[in-house]
Structure formats: C-alpha cells, structure tokens
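In case you want the letters, here they are:
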Protein chains: 2
Amino acid sequence: MNITELESIFASEQKRILTEWQTFLKFPSISADPLYNSNCRDCAEWLASHLQGIGFESELLETSTKPVVFAERKGSPDKPTVLFYGHYDVQPIDPENAWETPPFAPTLRNGRLYARGAEDNKGQVFYTLKALETLIQNDGLDAPVKVIIEGEEEYGSAALTEHLDAWADRLKADILMVHDTGTVRAGNPTIVMGLRGIVHLTVELEGPDHDLHSGVHGGLAPNPAQGMGELLSGLFNADGSVAVSGFYDGVRAPTERELTLASETPFDAEAYKHLVGTSPDGGKENTPPAERVGFLPSLDINGVHSGYGGAGMKTIIPSKAITKLSARLVPDQDPAGVLESITGHIYRNVPKGMRLTISDQGVGGPGFRLFPESPLVRKAQAALEDLNAGSVAYLWEGASIPIVTGLAATSGAEPLLVGFGHEEDRIHAPNESFSIEQFKSGYLYAALMLQSL
Amino acid sequence: MNITELESIFASEQKRILTEWQTFLKFPSISADPLYNSNCRDCAEWLASHLQGIGFESELLETSTKPVVFAERKGSPDKPTVLFYGHYDVQPIDPENAWETPPFAPTLRNGRLYARGAEDNKGQVFYTLKALETLIQNDGLDAPVKVIIEGEEEYGSAALTEHLDAWADRLKADILMVHDTGTVRAGNPTIVMGLRGIVHLTVELEGPDHDLHSGVHGGLAPNPAQGMGELLSGLFNADGSVAVSGFYDGVRAPTERELTLASETPFDAEAYKHLVGTSPDGGKENTPPAERVGFLPSLDINGVHSGYGGAGMKTIIPSKAITKLSARLVPDQDPAGVLESITGHIYRNVPKGMRLTISDQGVGGPGFRLFPESPLVRKAQAALEDLNAGSVAYLWEGASIPIVTGLAATSGAEPLLVGFGHEEDRIHAPNESFSIEQFKSGYLYAALMLQSL
C-alpha cells in the first residue's frame, strides 16, 4: 500500500481507532505506586486481548510485579524478524490539581487527546498496533513480528530486565523497533541516534527526631533543610558543571560526523523559551545546548521536601529533609561507577549533627549511540521521507529508555528509535496530550517501515 | 490560702477540671488556615461563656478575622491591676499521620494529656482560669483582673496588634501576666527574662512553566530545586553564622549580670540530645548554646518544597521551588531592617533563568529583656520558691511572643512571663502533650502569685 491508500484507510477508521485509544488511556496504570497494581494488570489484560483481536498470538508473561504483554505473529522466513517494544505504564499524575481535565478521562480538545500516557507511551504504542492491524487486514505484513509491552518502564523496567536472560529465545529478533521518542520540530520526522543512560537515588537527612519550635531551638538545633541546601549546592560548580569527583569519568566525545549531523538541526533558543517558559540556561556554562543534552551527562534534582509548605507560616525546624536525584549518562560512562561517585560525594559531606540515609539507588542502564551509516537507519530515513517532503533529522536525545540497551543485547536486534512526540505533549507533566495529527504520522510511518522490510 | 489548701482543692476538683480542659482542647482552633475560622469562633464563644461562669464579665471583641475574648473582674482599688494574656488558637497539625491519637481528641496516657494545644497555649491558659476560679470561690482574689485571650498568636497576632490603640483604655493595667513559656528542667520553676522577636517570609523560585522530563531537559533547563539549594546555602557562612549583610546590625550584647544569671543553669548537651534526638550543633560555631539561643538572632528554614517527593522516582526538573523562612531577633535589632536585609540578599542572588517572588513578609515584633532586679520579678520568685523547694531559674528564652511587647507598651504594664512547658511537651509538633503535674504546678503558682499582689 502506498501512503495515499494508508491515509484513506486511517480516515475511514479514525473514529473507531480514537475510541479504542481512549479505552487504553482510561486505565490508571501508574507503575511507581503499588496502589495501582491491579489497574496495571487490567491494562495488560486488555492489551493482550486487543493484540489477539488484530491477529497475534498473545500472552501475559508473569513477573514478581507487573505482567509483561508478549505477542507474536509468524511471517516469511526470508524477512527479518521485528521486535516491537513499548510500555503500558505511565508516570504519576501529581500535582493532580494542575490537570484541566482528569488524567484518566481522555478528552479531545482542538485536535489533541489529553490524558496521562496520551503520548508516553500509550499513544505511540497504539498507532503501531493500528498500523500492524491495517497491514494484516490488507495482506501487507510479511515480516515476522514480535511485540513486547511492559508495565514498569517509568519505574526502571526491573522486572523485564531480570527476565531478559530467561526470555532470550522468545525475544530473538533482527530489528528492535521502539516508538518512544519525539521529533526535533512538530512535523519534522526524526531518527534518534542516541539515548542517555540513567541512575537515580533518594537522599534523606535527619536532624532532630521531631519538628522543633524555631524559637526555642533556632541557633541551637541543626536544621536538615539548611543541611540539604548545603549538600545540593555542593553537588555543582559555579559554572553549572557537576562538582562530584569522578562524575565525568569515561565520557565519550562526539565524532566530527555526529557533530555535523547534530548541527543540521540548529538549537532554537527562542522556540525553547516559548515552549518551556525559560531560557536553556541550565547545565554547564559556555557549552552549546545540543551538546549539553545530547553528548554530556547531567545531574538533576527531581524533588526536595522538608518541613512546612502549607498556607501561612509554621515556625519550625524540620526534623528531616528528603531529596530525589537522578543523573543522565552518555556512552562509556559506567553507571554503577557514577552512582558510587555521587553517593561517595554525599557521604563525605554530611552536615554536622545529621544522619544520612541513601536509598532507592538504581541503575537504569548506560547511554548508547547508533552508527549513522547503518542500512536500517537508511531504510527508516526513506520511509520518513516518503511520509514527509521535508528532510529527516538525526537527534542525539537526552532521555533514557534503559531497557532498550538490554533488549538490544538480549535479542541480538539492531535498535531503531523513531517517534512522533513533541515538547508540547508535556509528557511526565500535568495535561499530557498527543495530537491526532501526530498519531496519524506515527501510524503511516510504522506501516510504511514494516512494509518495506 | 496556703499551698496545702490549694493542693487539696485541686485534688478534689481534678476530675471536673480535666473534663473542662478536654472540652477546650476539642476545638480545632488552627489560626493559620481559614478553613478553621468557624472552629476558632466556637472556641472563643465557649471561653467567654466559661469566664462568665467563674465570675467575670466577658465579651467577644470582634476583629476582621478571629474574635478576641476579653473579660474583667473588678477588685480593690488599692491593688495593682493584672492583665492576663493568652491565646486560644493552635498550630497546624501536619504531619497528621504522625499523631498517635487524633490531635483534637484529647487523650490521657501516663499522666499526660495528648492534644494539639495541650500545652501551647490552652493548657497554660486553662490552669490560670482554674486558679482564678478557686480564688474567687474562696474570696482570695483582691486585685482587679482583666483577661485577654486572642485567636491569632500562632499566625502573627495581626488583629490584636491592629486594635491595641483602639482598646488602650480597656487594656490599662499594672502587671501583664503571660503563661506561655517553659521551665529549664522538668520541675524547676523558671522566670523568662527575655524573648526573641520574629520576622518571616516565603520565597518562591520559578524556572520552567511546567515540570520537565529530566532526560529531555537535563543540562538544558534551569532547575529551581538546584537554584533554591544555592540560595539557601548562600544564606549561611561556613561557620554556621548568617551570611546576610546587615543581619547582625544592632544586636545588644548581654550584660555581665545577665550572663551570670544565665550561667546558673548550665546547658546540658546530653539532656538536649536525649530530648531532641541530636546534638545542639546548629547556629554559629564556637559559641555557647545558651548564648546562641538567648542572646543571638537566628535565621531558620521552616520548610522547602520542590518537585516530586512520593514513592519511587519521578525523573523531572521541577517547575518551581518554595521556601518558608523565619528569623528570631534579639533586642535592638530593627525587625523591618532585618527583613529588608534578608530580602535584599535573596534578590541579589537570584539564580540564572529563574523568577523570584517573595511573599508573606511579616514582622512579628522586636525582642525584649526584663530587668533582673525588678520587685515584680522578686515577688514571682517568692511564689515559685513557695511552690518548690528548689531554686528558681532565670531564662533568656529564644522563642517569641510578639504581642507581649505591644501589650506591655499599650497597657503600661510590666510583663511577667512564667510558664510550665517543657521540651517533652512537643509543642508545634505531632503528639503535643502537657502533664497533669505541669498543669497543677501552673495552677498553684498562678493562685499564689495572684493572692500575693
């Protein structure tokens, strides 16, 4: 089928597709909070049944936490086997009162569907399933296809990672398709050439064993909120770089070719400011933005909480302070080593009179980069050019999909990361959305790419 | 009546007194949150009616916020007029889940009554009312007594402060009795010789206009949690002193006599550690603890909140960070000037790419100190020695009761601050309590002191 035929099929099926997508989005499949475990299972069961309905053999692979959806459709032995990976879990929804419509009541406004997971990753998973459905119904799918959709990507993919070895045979494939990324500009198809790795940890400082009256104790008791301020401030140098000794060990410098391809999409500081509400002034000073996010690691404070934050004032010295930290890593950094550098730095700087606890330490995986001259990258480029007259962009992305590294190694497949997300989708934030236009682009690309194999 | 007679009256009335005290404590009269406004009014009405019942003319003085309870009982014109000041409002209760029994369901355990306000200030107000009741019933009260009990002490006493001039005639008195302080050790009667003043403010830093994905934006977007860490850390010097220029302007040094009296109660670091759970390592290094809390100002972070703090991890760059700050001041510091120094310092250090807002700025009042040789101080000492064979302690307290300064000036009365609170009462924290023993000491002192005038 050519692109015109695919567009016409999408137009005639759009209403049904939207309804099904909304059903998928209604499951509050938040992986970070065990309260939602049964909703995650309901979502996985619905997905498995949906895959069965469109022509796959599907099953739930049980783990000690969330079930993994696995489906397979045999194909021609002459064709490469595709392994499509996605996730059905979503980020938490707080701050809940910042949502204009409830996060699990998908609502269409101005051509965009608003819901937690609308883009990340349920939207991008679902256009892929719909492309597969269309190809199957029209005898357009020759390649064998495996689908694996997990329920813990937003929480570190631990269960799937643990089972990779046990499931290695089942996962064997030639191409690892992942649709969990974005485009450099709205409507400009983009191949992601690299992802950063991630590690994370939680730091807790305890001082007094209960909140103290700040009059009786001010100047006397050590204040964990003050101590945490010192600790956090000490993680960074005055130039914005990370002050942790060993943090930059092994960082792989970009090649000339990578820098050339990356520079084909100039960083637009004005557009950034418009989308994000502030200038790209984070990270290391005097370093180009694309390099800071694509080729350098970052250390990010995800949250810090201590003492009173309500209305009016409450004059206490808080008994403790907690901080959540994560770091994004580039290739050749050793994630476990980086985590050790960070915890070592923090342990060496415990403020006087306080007890330190580090918990929730986790290694999501290392960073990786693709080879720009790969035939698979060329084939994706052709499909994307077919979709859109404009040129294709090559992006070294700052985000992480840690499980991709593991799946590529286990399956033996070459990863191919294409996605249609965009900044205005506000993934991980309140009022996440994905436009029908983006969804359709994904559908067309997925169908063209799968057909071309 | 001598102390033995008073003790016997207390013993025979104890059950009734406890029941009435519990009724007083059941009102959730939290002043900081307007949600509780009607509960504050209910509490004030109950108090006015209770005062009427024990022999006072009482009324509610209306303000634009919480009503003030005022009551008066005429006495002999030869006697000095007493103005007793207290407050019926209480601190907020969070973290609510840290309470072993609900904060507004007063519960007796091991001789202590647990409830928000059990000590601060409902407990200390109520033993005073019960002492007045006993004296009136036994013809033991000659001095004219006025009672003023406000509903906003924990929120800055703004309404009462605003009305001081208008109510000046009504408030005219010779002695301002305040029972809102503690003892240096359990069972060691204490006269408070000074209080610190207080100012407060809320600081908010905004970076991105929504929470951002830390992968897509780590190294790119300015992080308000990181910026707040820098700001807070920059408020202090490495030796723990406050780095804000002008903060220490005007600080009055203690006299030799004050240092001598203060040193009669040696600071017990081991006892402190036992009560508070950590050593007295806050504030300025190499400065005696009693001096840090009694004769030096402090700058205290009451809370800091930014981004994610829930279970698991949420890898975001938060869009904003908020901090609540207060400072305790000593005599001769100008509160408005100190507040200006702090806000000036913060405005000069706004981190790159962030917008700063300072709100909720307030001046609670200056610090003050009493004259150690005052005849009133001597009389209180005699009553306390009668109560307890042990010596009386003189305490330069770190806490603030800003309204006391204003009431003293308006009424023309000499302040006298005695109270029976103790660290283990955990005022302002979860599981606040006050023992029957402490309550009884307060009752006996109040009766002896009022009789002696």
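Residues numbered from 1 in each chain as written. Chains lettered and ligands numbered in written order. Predicted model: local features only at pLDDT ≥ 70, side-chain atom pairs only at ≥ 80, totals over all residues.

Engineer: So what about the overall build of chain A? Which residues, and what values?
Structural biologist: Secondary structure summary: chain A contains 14 helices and 18 strands in total. Each principal axis of the C-alpha atoms in chain A carries an extent, and together these give about 80 × 50 × 45 Å. Across the 453 residues that make up chain A, the buried fraction comes to 55%. Taking the intrachain contacts of chain A between residues at least 6 apart in sequence as the baseline, contacts between residues at least 24 apart amount to 79%. (Helix = DSSP H or I, 4+ residues; strand = E, 2+ residues; numbered from the N terminus. Buried ≥ 20, exposed ≤ 12 C-beta atoms within 10 Å, placed from the backbone. Contact = placed C-beta atoms within 7 Å.)

Engineer: How would you summarise the nonpolar core if you had to cite specific residues and measurements?
Structural biologist: If you look at the biggest cluster of nonpolar residues, it comprises 254 residues, and the most contacted ones within it are Val82, Leu83, Leu176 and Leu450 of chain A together with Val82, Leu176 and Leu450 of chain B. Once you skip the residues sitting within four places of it in the chain, Leu176 of chain B turns out to touch Leu83, Tyr85, Leu407, Ala408, Ser411, Ala413, Glu414, Pro415 and Leu416 of chain B. (Core = buried A, V, L, I, M, F, W, Y, C linked by C-beta atoms within 7 Å.)

Engineer: Requested: an account of the packing of helix α7 (residues 224–233) of chain A against helix α7 (residues 224–233) of chain B, with residues and values cited.
Structural biologist: In contact at an axis separation of 8 Å, α7 of chain A and α7 of chain B are set at 115° when each is read in the N-to-C sense. Once α7 of chain A is placed against α7 of chain B, the crossing between them reads as left-handed. Along its contact with α7 of chain A, which presents Gln226, Gly229, Glu230, Leu232 and Ser233 of chain A, the element α7 of chain B presents Gln226, Gly229, Glu230, Leu232 and Ser233 of chain B. Residue composition of the contact of α7 of chain A with α7 of chain B, grouped by class: two nonpolar, six polar and two charged. (Axes fitted to C-alpha atoms, helices over the stretch in contact; angles between N-to-C directions. Left-handed = near helix turned anticlockwise from the far one by under 90°. Nonpolar A, V, L, I, M, F, W, Y, C, P; charged D, E, K, R; others polar.)

Engineer: Report on the pairing of strand β13 (residues 320–329) of chain B, specifying residues and quantitative values.
Structural biologist: Residue and element names in this part refer to chain B. Of all ten residues in β13, nine are buried, a share of seventy percent or more. Alignment of strand β9 (residues 197–206) against β13, held across ten bridges, turns out to be antiparallel. Looking at the pairing, Leu205 lines up with Ala321 of β13. As judged from the eight bridges shared by strand β11 (residues 298–307) and β13, these two strands associate in the antiparallel manner. Along β13, the bridge assignment pairs Leu299 with Ala327. (Pairing = 2+ DSSP bridges.)

Engineer: Hey, could you go over the sheet that holds strand β5 (residues 112–114) of chain B for me, with residue numbers and the actual values?
Structural biologist: Whether parallel or antiparallel, the strands of a sheet pair through hydrogen bonds between backbone atoms. All names here are of chain B. Spatial ordering of the open sheet is given by β4-β5-β18, a layout of three strands whose pairing is antiparallel. Only two strands of the sheet have a single partner each, and these edge strands are β4 (107–109) and β18 (433–435). Strand after strand, the sheet turns through a mean of 30° between neighbouring axes, direction not considered.

Engineer: Give me the lowdown on the relation of the copies chain B and chain A, citing residues and values where you can.
Structural biologist: It takes a turn of 180° to lay chain B on chain A, together with a shift of 0.0 Å along the axis; the resulting RMSD is 0.1 Å. Expressed as an axis order, the relation between the two copies is that of a two-fold axis. A high fraction, 100%, of the interface residues of chain B reappear at the interface in chain A, so the copies pair face to face through one surface. (Least-squares fit on C-alpha atoms with pLDDT ≥ 70 in both.)

Engineer: For the sheet that holds strand β5 (residues 112–114) of chain A, give the residues involved together with the corresponding values.
Structural biologist: Residues and elements named next belong to chain A. In spatial order, the strands read β4-β5-β18; together these three strands make up an open sheet with antiparallel pairing. Two strands bound the open sheet, and with one partner strand each, they are β4 (107–109) and β18 (433–435). Neighbour to neighbour, the strand axes of the sheet diverge by 30° on average, direction disregarded. Bridge analysis of β5 against β18 gives three bridges, and the strand direction is antiparallel. Counterpart to Arg112 in the pairing with β18 is Ser435.

Engineer: Kindly report on the domain arrangement of chain A, identifying the contributing residues and their values.
Structural biologist: Residues and elements named next belong to chain A. Domain annotation of chain A identifies domain 1 (3–195 + 367–451) and domain 2 (197–251 + 297–365). Here domain 1 and domain 2 have C-alpha centroids that lie 34 Å from each other. Across the boundary between the two partners, domain 1 contributes nine residues, which contact ten residues of domain 2. Of all elements in the fold, only β15 (368–369) and α13 (402–411) reach the threshold of two or more residues within the side of domain 1 that touches domain 2. Looking at the side of domain 1 that touches domain 2 element by element, the count peaks at three residues for α13. Across the side of domain 1 that touches domain 2, the residue classes break down as two nonpolar, six polar and one charged. (Domains from an automatic or database assignment.)

Engineer: Give a description of the pairing of strand β3 (residues 82–87) of chain A that names residues and reports values.
Structural biologist: Residues and elements named next belong to chain A. Here β3 lies mainly inside the structure; six of its six residues are buried. Looking at chain direction, β3 and strand β6 (residues 145–150) are connected through six bridges and run parallel. From the neighbouring strand, His87 faces β6, where its bridge partner is Glu150. With four bridges joining them, β3 and strand β7 (residues 175–178) adopt parallel strand pairing. Bridging across to β7, Val82 finds its partner in Ile175.

Engineer: Give a description of helix α1 (residues 3–26) of chain A that names residues and reports values.
Structural biologist: Residue and element names in this part refer to chain A. If you look at α1, its biggest bend is around 60°, right at Glu13. All of the buried residues in α1 are Leu6, Phe10, Ile17, Trp21, Phe24 and Leu25. Elements in contact with the buried residues of α1: β5, α3 (122–137) and α14 (436–451). (Bend = angle between axes of the 7 residues up to and from the residue.)

Engineer: Kindly report on unusual backbone geometry, identifying the contributing residues and their values.
Structural biologist: Trans is the common state for peptide bonds, and a negative phi is the common state for residues other than glycine. A cis amide bond, omega 0°, links Asp94 of chain A with the succeeding residue Pro95 of chain A. On the secondary structure map, Pro95 of chain A appears in the loop between β3 and β4. For the bond running from Asp120 of chain B to Asn121 of chain B, omega is 0°, close enough to zero to count as cis. Inspection of the secondary structure puts Asn121 of chain B in the loop between β5 and α3 (122–137).

Engineer: I'd love a proper account of the interface of chain B and chain A, names of residues and values included.
Structural biologist: Note: interface size is frequently given as the accessible area lost on complex formation between the parts. At the interface, 78 residues of chain B touch 78 residues of chain A. Mapped by element, the contributors of at least two residues to the side of chain B that touches chain A are β10 (212–213), α6 (214–217), α7, α10 (289–294), β11, β12 (316–317) and β13 of chain B. Here the side of chain B that touches chain A gets nine residues from one element, more than from any other, and that element is β11 of chain B. When the residues that make up the side of chain B that touches chain A are grouped by side-chain class, the tally is 30 nonpolar, 33 polar and 15 charged. Here strand β11 (residues 298–307) of chain A runs beside β11 of chain B; their pairing, made up of five bridges, is antiparallel. Bridged to Gly307 of chain A within β11 of chain B is Gly303 of chain B.

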